[in-house]
Amino acid sequence: MKLLQSGVDLLTIQAWLGHARVATTHRYATADVEMMRNGLEKAGVTGDHGVRFRPNDSGLQLLNSI
């Protein structure tokens, strides 16, 4: 996590750890709240959108029937 937080990409970390697949390295990398906040800021995403999807009754009925 310290490497990721310092800006080292996952492929480089994979090579340092000697993992054959990046999926193995990814398994050990869990993003913390600070990384998520920084990523959103870099992407220009703000928290003012605040709209959450609320399915209507017909949408819920469809999902329940699956």
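About the thresholds
- Residues numbered from 1 in each chain as written.
- Predicted model: local features only at pLDDT ≥ 70, side-chain atom pairs only at ≥ 80, totals over all residues.
- Heavy atoms only, no water.
- 1 Å grid on protein atoms, 1.4 Å probe; cavity = no way out; pocket = protein on both sides within 12 Å on 5 of 7 lines; lining within 4 Å.
- Points joined across faces, edges and corners; volume = space filled by probe spheres on them.
- Helix = DSSP H or I, 4+ residues; strand = E, 2+ residues; numbered from the N terminus.
- Nonpolar A, V, L, I, M, F, W, Y, C, P; charged D, E, K, R; others polar.
- Patch = residues over 30% accessible without salt bridge, like charges linked within 9 Å, V, L, I, M, F, W, Y side chains within 5 Å.
- Areas by Shrake-Rupley, 256 points an atom, 1.4 Å probe, with all protein chains shown as cover.
- Salt bridge = Lys/Arg side-chain N within 4 Å of Asp/Glu carboxyl O.
- Buried < 20%, exposed > 50% of the residue type's maximum accessible area, 1.4 Å probe, protein only.
- Polar contact = N/O pair within 3.5 Å; in protein donor to acceptor, adjacent residues only side chain to side chain.
- Contact = heavy atoms within 4.5 Å.

*Asks:* Any chance you could break down the layout of surface pockets for me, citing the residues and the numbers?
*Replies:* Approximately 180 Å³ is the volume attributed to the largest pocket. As for the largest pocket, its lining consists of L4, Q5, G7, D32, E34, M35, N38, G39 and K42. Mapped by element, the contributors of at least two residues to the lining of the largest pocket are α1 (2-5) and α4 (33-42). Looking at which element gives the most residues to the lining of the largest pocket, the answer is α4, with 5 residues. When grouped by side-chain class, the residues that make up the lining of the largest pocket number 2 nonpolar, 4 polar and 3 charged.

*Asks:* Could you give me a rundown of a nonpolar patch on the surface, with the residues and numbers involved?
*Replies:* Taken together, the side chains of L60, L62, L63 and I66 make up a nonpolar region of the molecular surface, amounting to roughly 440 Å² of accessible area. Among the structural elements, L60 can be located in helix α5 (residues 57-65).

*Asks:* Would you mind going over the pattern of salt bridges in detail, with residue names and values included?
*Replies:* Across all of its chains, the model carries 1 salt bridge by this definition. Residue R37 pairs with E41 through a salt bridge whose shortest N-O separation is 2.5 Å. Here R37 and its partner E41 are both found in helix α4, 4 residues apart, which amounts to about one turn of the helix. Judged by its relative accessible area of 37%, R37 is partly exposed.

*Asks:* Tell me what's going on with helix α2 (residues 10-17), and back it up with residues and numbers.
*Replies:* Residues three or four positions apart in an α-helix share a direction because the helix packs 3.6 residues into each turn. Structurally, the start of α2 carries an N-cap: the backbone nitrogen of L11 is 3.2 Å from a side-chain oxygen of D9. Immediately downstream of α2, the backbone of G18 shows phi near 75 degrees, a positive value.

*Asks:* Break down the side chain of T25 for me, citing the residues and quoting the values.
*Replies:* Within the fold, T25 resides in helix α3 (residues 22-28). Reaching out from T25, the side chain makes a polar contact with the side chain of H19 at a distance of 2.6 Å. If we skip the residues at most four places from it in the chain, T25 touches L10, I13, Q14, L17 and H19.

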